[in-house]
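What the coordinates show
This is what each chain is made of:
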Amino acid sequence: MARLSFLFFILFLHIALTATRCRGKSQLPEKHARAAVAFFLFGDSFLDVGNNNYVNTSTLDQANFWPYGETYFKFPTGRFSDGRLVSDFIAKHANLPLIPPFLQPGFRQYYLGVNFASAGAGALAETFQGFVIDLKTQLSYYNKVESWLRQKLGNDEAKMTISRAVYLFSIGSNDYMSPFLTNSTILNNYLDSTYVGMVIGNLTTTIKEIYTRGGRKFAFINLPDLGCVPGMRIIKSENNGSCLEEVTSLANLHNKALSKLLFDLEKRLKGFKYSLFDFNSNLRQRMHHPSKYGFKEGEAACCGTGQYRGVFSCGGQRRVKEFQLCKDPNDYVFWDSFHLTEKIYKQLADQMWSGTSNSRDVGPYNLRKLFRIN
């Protein structure tokens, strides 16, 4: 009986890996793939589609077990959600296949882009160091891809591919949450503004290097009220479940600095174009008024345990094994203690794609316009 169970497990694993690789491969003939607008992604668990599956890390930074992926893929892919992420929906809008993780074994076709994001990653190398792929390392991976494109396409065609590509970033959340999650004293060594400046400084370095190598079209997602996600509400028991204002304050400082940075870069760098999505206000609206957006619960998570299901135990593979799972993730804004459901990711991606600057959701370009600019 045990041998039979083992054989069924091996069969399931083979099917899952085959499906993942099939979804990750270019679904366009090479000629058309080379004419498409490539999509490169950098950041954290908001965008990670499975890179951490191939990193020697802990289950705190992995989502390759049930019930992750239960709704759309029907098996865990490494995405921190019940289904698809923002990047998957944007790829669909752009008529691209799902953009695969850079570390996926056997994948070496980068005409349509690739995803470098790593759950738990920050702009600072010290953030969860040794367990994640920090932003500087992600940039080094991009440099390898850029060299591959020049080798395959020649300098002229590669230059065109790189300049037409869209570069999407979601980074910073872990830099501000990690000191509270790990009881680090790093924030005692800096003024809040100085610490935020370090994060923004590393992001600036990455943007400028991609720009120097020919990138011109950049997209960014600002930070939510980090102190109000379920996993942060329970950090201090004396707060009785209220938002952790210290980390929310850091996120607000970051968002102001990010807006200023992009405004300045647009003026200083010829041809630099960008889209900045106001994730902060859009998530807050759905948390405070869930029924307006088709949800029943805006603050507690679908999967986890404890108050707000803020204990990061979804799947029972982390330090705390106990967890509860809701019946329908579509009723919830939050999937687990820190991440969102596929339903809200789709709503956010739709706004990023076609929102207007008049609504202050996204600007100065939405992603549809950014993809179409030559």
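Figured I'd write up the structure that's included with this text. (Residues numbered from 1 in each chain as written. Predicted model: local features only at pLDDT ≥ 70, side-chain atom pairs only at ≥ 80, totals over all residues. Heavy atoms only, no water.)

**Here's the deal with helix H9 (residues 245-268)**
When the terminal C-alpha atoms of H9 are compared, their 35 Å separation across 24 residues agrees well with the 34 Å that a helix rising 1.5 Å per residue should span. Packed against the buried residues of H9 are helix H6 (173-181), helix H7 (192-212), strand S4 (217-221), helix H8 (230-233), strand S5 (273-277) and helix H10 (279-288). (Helix = DSSP H or I, 4+ residues; strand = E, 2+ residues; numbered from the N terminus. Expected span 1.5 Å × (residues − 1). Contact = heavy atoms within 4.5 Å.)

**Side note on empty space enclosed by the protein**
Counted according to the given criterion, the structure contains two cavities of 30 Å³ or more. Taken as a whole, the second largest cavity holds about 40 Å³ of empty space. In terms of lining residues, the second largest cavity is bounded by Phe169, Ser170, Ile171, Leu203, Phe220, Ile221, His254 and Leu258. Where the lining of the second largest cavity is concerned, the elements lending two or more residues are strand S3 (166-170), S4 and H9. The residue makeup of the lining of the second largest cavity, split by class, is six nonpolar, two polar and no charged. (1 Å grid on protein atoms, 1.4 Å probe; cavity = no way out; pocket = protein on both sides within 12 Å on 5 of 7 lines; lining within 4 Å. Points joined across faces, edges and corners; volume = space filled by probe spheres on them. Nonpolar A, V, L, I, M, F, W, Y, C, P; charged D, E, K, R; others polar.)

**Focus on the pairing of S3**
Most of S3 sits out of view: five of its five residues are buried. One ladder, built from five bridges, connects strand S1 (residues 39-43) with S3; its direction is parallel. Following the sheet pairing, Gly43 is matched in S3 by Ser170. The pairing of S3 with S4 spans four bridges and is parallel. Of the residues in S4, the one forming a bridge with Leu168 is Ala219. (Buried < 20%, exposed > 50% of the residue type's maximum accessible area, 1.4 Å probe, protein only. Pairing = 2+ DSSP bridges.)

**Some words on helix H3 (residues 86-93)**
For H3, a buried count of six out of eight residues is recorded, marking the element as mostly surrounded by other parts of the structure. Within H3, burial applies to Val86, Ser87, Asp88, Phe89, Ile90 and Ala91. Of the residues one or two after H3, Asn95 is the one with positive phi, at around 60°.

**So, the pattern of salt bridges**
Within the structure shown, the criterion is met by eleven salt bridges. Notably, a salt bridge pairs Arg84 with Glu342, separated by 3.0 Å at the nearest N-O pair. Of this pair, Arg84 sits in the loop between S1 and H3 while Glu342 is found in helix H11 (residues 342-354), placing the two residues 258 residues apart along the sequence. The class of Glu342 is buried, set by a relative accessible area of 13%. One salt bridge connects Glu209 with Arg213, and the closest N-O pair in it is separated by 3.6 Å. On the basis of relative accessible area, Glu209 is assigned to the partly exposed category, the value being 26%. (Salt bridge = Lys/Arg side-chain N within 4 Å of Asp/Glu carboxyl O.)

**Some thoughts on the state of the cysteines**
Applying the stated criterion across every chain yields a total of three disulfides. In this model Cys228 forms its disulfide with Cys243; the gap between the sulfur atoms is 2.1 Å. On the S-S bond that ties Cys228 to Cys243, the torsion sits near 115°, and the link is right-handed. Of this pair, Cys228 sits in the loop between S4 and H8 while Cys243 sits in the loop between H8 and H9, and the two are 15 residues apart along the sequence. Classification of Cys228 as buried rests on a relative accessible area of 10%. Note on Cys243: relative accessible area 17%, which makes it buried. One disulfide bridge connects Cys303 with Cys314, the sulfur atoms lying 2.0 Å from each other. Judged by the sign of its S-S torsion, about 95°, the bond between Cys303 and Cys314 is right-handed. (Disulfide = S-S within 2.5 Å.)

**Quick notes on the side chain of Asp361**
Structurally, Asp361 can be placed in the loop between H11 and strand S10 (362-364). Separated by 3.2 Å, the side chains of Asp361 and Asn282 make a polar contact. Within the local environment of Asp361, its side chain forms a polar contact with the side chain of Gln351, the two groups lying 2.9 Å apart. If we ignore the near neighbours within four places in the chain, the residues touching Asp361 are Leu276, Phe277, Asp278, Asn282, Gln351 and Thr356. (Polar contact = N/O pair within 3.5 Å; in protein donor to acceptor, adjacent residues only side chain to side chain.)

**Structural notes on the layout of surface pockets**
Estimates place the volume of the largest pocket at around 860 Å³. Every element with two or more residues in the lining of the largest pocket is listed here: H6 and H10.

**Structural notes on the packing of aromatic side chains**
Taken as a whole, this structure holds 31 aromatic pairs when the rule is applied. Arranged with centres 6.3 Å apart and planes meeting at 45°, the rings of Tyr190 and Tyr195 form a pair that is tilted. Assessed through its relative accessible area of 2%, Tyr195 is described here as buried. Taking the ring centre of Tyr293 as reference, the NZ or CZ of Arg286 above it sits at 4.2 Å. The positively charged end of Arg318 is found above the aromatic ring belonging to Phe312, 3.8 Å away from the centroid. (Phe/Tyr/Trp six-rings, centres within 6.5 Å; stacked < 30°, edge-to-face > 60°. Lys NZ or Arg CZ within 6 Å of the ring centre and 35° of its normal.)

**Some remarks on the sheet that holds S4**
If you walk across this open sheet you meet the six strands as S2-S1-S3-S4-S5-S10, and the pairing is mixed. Of all the strands in the sheet, the pair left with one neighbour each is strand S2 (113-115) and S10. In this sheet, adjacent strand axes meet at a mean angle of 20° when their direction is disregarded. Of the strand pairs in this sheet, S5 and S10 are connected by three bridges, and their pairing is antiparallel. Bridging from a neighbouring strand, Leu276 pairs with Gly363 of S10. Where H9 meets the sheet, its contacts fall on S4, S5 and S10, and the angle it forms with S5 comes to roughly 165°. (Axes fitted to C-alpha atoms, helices over the stretch in contact; angles between N-to-C directions.)

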